[in-house]
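Now for the letters of each chain:
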Amino acid sequence: MLSDPPSARELRRFEIRSEESRVIAPSEVWWRVHKTDGDHVIAWNALRTFGPLLRFDPHQRPLGEDPGGRGIWYGASTPGAALAEAFQVDRTIDRSRDRPFLTGLSFGRPLTVLDICTDSMGAWATRAGGNYALSTGQHAVTQRWARAIVEAYPDLDGLRYNSRFAGVPCLALFAPAVTAMPDRPVLSAPLTHPDLSSRIAGAAKRLGYGVV
């Protein structure tokens, strides 16, 4: 079980130690699957300010456009993890509905993120009164943690956490990271592109997902 976070004021007492943070270098490529058609389409390099919907959304309730402009951007360290996260609901990689793209990007500056992955050299989550269920706990609780983290550490670029479905590191980036977003991706292609067929088939086999 993951308990609720302490208040942002209390959380500030737990200064993030060097071994509890991770620098994401501009040489790294991070991946996301995003729709390009249908309702609520946002650009691949834009932060979503509507929420809260997903695990680390820092938006204030009730559900809607955040009045403070708090945004979130999710990415994965591998294309397979991006596919796993994007199609987790029905576990079927739908290459056509809403015209999804796989996009890889490198950030325009180093990002400093709080590292709550299981391979972190630190243990911030435990030290702050939580645990590593931050990567797997109920969204209502992890969203409260995200709101407290954003308030306590306003200059923090985001979080590095474990994908619940692929096990590898993912990123949840907050408003300060908007200055690191590139104008152009390293690679971007629709999931229907023939060059992605074998990659998608391999990811689906590993995950046990279907493909349509």
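J.: Is there a simple way to explain unusual backbone geometry in this structure?
T.: The peptide bond linking Gly51 to Pro52 adopts the cis configuration, its omega dihedral lying at 5°. For the peptide bond that leads from Arg61 to Pro62, omega is 10°, which places it in the cis range. In this model, His40 sits at a positive phi of 60°, which is unusual for a non-glycine residue. Take His40: it is sitting in the loop between β2 (30-35) and β3 (50-51). A residue is classified by how much of its surface remains accessible, and His40, at 74% relative accessible area, is exposed. Unusually for a residue other than glycine, Asp98 sits at a positive phi of about 65°. Inspection of the secondary structure puts Asp98 in the loop between β6 (92-93) and β7 (100-105).

J.: Looking at this structure, how should I read helix α2 (residues 79-86)?
T.: Every α-helical turn comprises 3.6 residues, leaving residues that sit three or four positions apart pointing alike. Three or more residues of α2 are buried, namely Pro79, Ala81, Ala82, Leu83 and Ala84. If you follow the buried residues of α2, they end up packed against β2, β5 (73-76), β6, β7 and α5 (197-207).

J.: What is the right way to look at α5 in this model?
T.: The complete set of buried residues in α5 reads Ile200, Ala203, Ala204 and Leu207. Looking straight down α5, one finds that the buried residues subtend no more than 100° of arc, so they occupy a single side. Exposed residues on α5 whose side chains face more than 90 degrees from its buried face are Ser198, Lys205 and Arg206. Buried residues along α5 sit in contact with α2, β6 and β12 (210-211). Trailing α5 by a residue or two, Gly208 shows a phi angle of about 80°, which is positive.

J.: So what exactly am I meant to see when it comes to the pairing of strand β8 (residues 111-115) here?
T.: Within a regular strand, the side chains alternate between the two sheet faces. Along β8, 4 of the 5 residues are buried, which leaves the element largely enclosed by surrounding structure. Sheet analysis places strand β1 (residues 21-24) next to β8, joined by 4 bridges and oriented antiparallel. The residue of β8 that forms the bridge with Ser21 is Leu114. When β8 meets strand β9 (residues 158-162), the two strands line up parallel, connected through 3 bridges. Within β9, the residue paired with Val113 across the bridge is Gly158.

J.: Where do I start with the side chain of Ser120 in this structure?
T.: For Ser120, the location among the structural elements is in the loop between β8 and α3 (124-127). Taking relative accessible area as the criterion, Ser120 reaches 11% and is therefore assigned buried. When sequence neighbours within four positions are dropped, the list of residues in contact with Ser120 reads Glu19, Glu20 and Asp115.

J.: What should I look at first to understand the environment of Ala125 in this one?
T.: Locating Ala125 in the fold gives a position in helix α3. Apart from residues no more than four positions distant in its own chain, Ala125 is found in contact with Gly130, Asn131 and Leu134.

J.: Can you help me understand the packing of α2 against α5 in this one?
T.: Relative orientation and spacing of two packed helices are given, respectively, by the angle between their axes and the distance between those axes. Close contact between α2 and α5 brings their axes to 10 Å; oriented N to C, the two are set at 65°. In the packing of α2 onto α5, the handedness of the crossing is right-handed. Between α2 and α5, the residues in contact are Pro79, Gly80, Leu83 and Ala84 and Arg199, Ile200, Ala203 and Leu207, respectively. When grouped by side-chain class, the residues that make up the contact of α2 with α5 number 6 nonpolar, 1 polar and 1 charged.

J.: Hey, could you run me through the side chain of Thr103 in this one?
T.: Assignment of secondary structure puts Thr103 in strand β7. A polar side-chain atom of Thr103 sits 2.7 Å from a polar atom in the side chain of Ser188. Excluding its chain neighbours within four sequence positions, the residues that come into contact with Thr103 are Trp30, Trp31, Arg32, His34, Trp44, Pro185, Leu187 and Ser188.

J.: Help me out: how do you make sense of the pattern of salt bridges in this one?
T.: Opposite charge on two side chains lets them pair, provided their charged atoms get close. Considering all chains together, one arrives at 10 salt bridges under this definition. Where Arg97 meets Asp90, a salt bridge forms, and the shortest distance between an N and an O atom there is 3.9 Å. Overall, Asp90 belongs to the partly exposed group, its relative accessible area being 44%. The closest approach of N and O atoms between Asp94 and Arg97, which form a salt bridge, is 3.9 Å. The class of Asp94 is buried, set by a relative accessible area of 16%. Here the residues in one salt-bridge network are Arg22, Asp115, Asp119 and Arg160, joined through shared partners.

Rules and cut-offs
Once a new chain begins, its residue numbering starts again from 1 and follows that chain's sequence as written. Under the rules for a predicted model, residues below a pLDDT of 70 receive no local features and side-chain atom pairs below 80 are neither given nor counted, while totals for whole chains, interfaces and linings still include all residues. The side-chain numbers reported here are obtained from all heavy atoms of the structure, hydrogens and water having been left aside. Counting from the N terminus, the helices are DSSP H or I runs at least four residues long and the strands are E runs at least two residues long. In this scheme, a residue with accessible area under 20% of its type's maximum is buried, one over 50% is exposed, and one in between is partly exposed, where area comes from a 1.4 Å probe on protein chains only. Residues count as neighbours in contact if any of their non-hydrogen atoms are within 4.5 Å of one another. Arc, as used here, means the arc of the directions from the helix axis to the C-beta atoms. A strand pair is defined by DSSP finding two or more bridges across the two strands. For every element, the axis is a line fit to its C-alpha atoms; helices are fit only across the contacting stretch, and the angle between N-to-C directions ranges from 0 to 180 degrees. The sense of a crossing depends on the near helix, which, turned anticlockwise from the far helix by less than a right angle, makes the crossing left-handed and, turned clockwise, makes it right-handed. Amino acids are sorted into nonpolar (Ala, Val, Leu, Ile, Met, Phe, Trp, Tyr, Cys and Pro), charged (Asp, Glu, Lys and Arg) and polar (every other residue, Gly among them). Nitrogen and oxygen atoms within 3.5 Å of one another constitute a polar contact, given that in protein one can donate a hydrogen and the other can accept it, and given that sequence-neighbouring residues count only through two side-chain atoms. Here, a salt bridge means any side-chain nitrogen of Lys or Arg that lies within 4 Å of a carboxyl oxygen of Asp or Glu.

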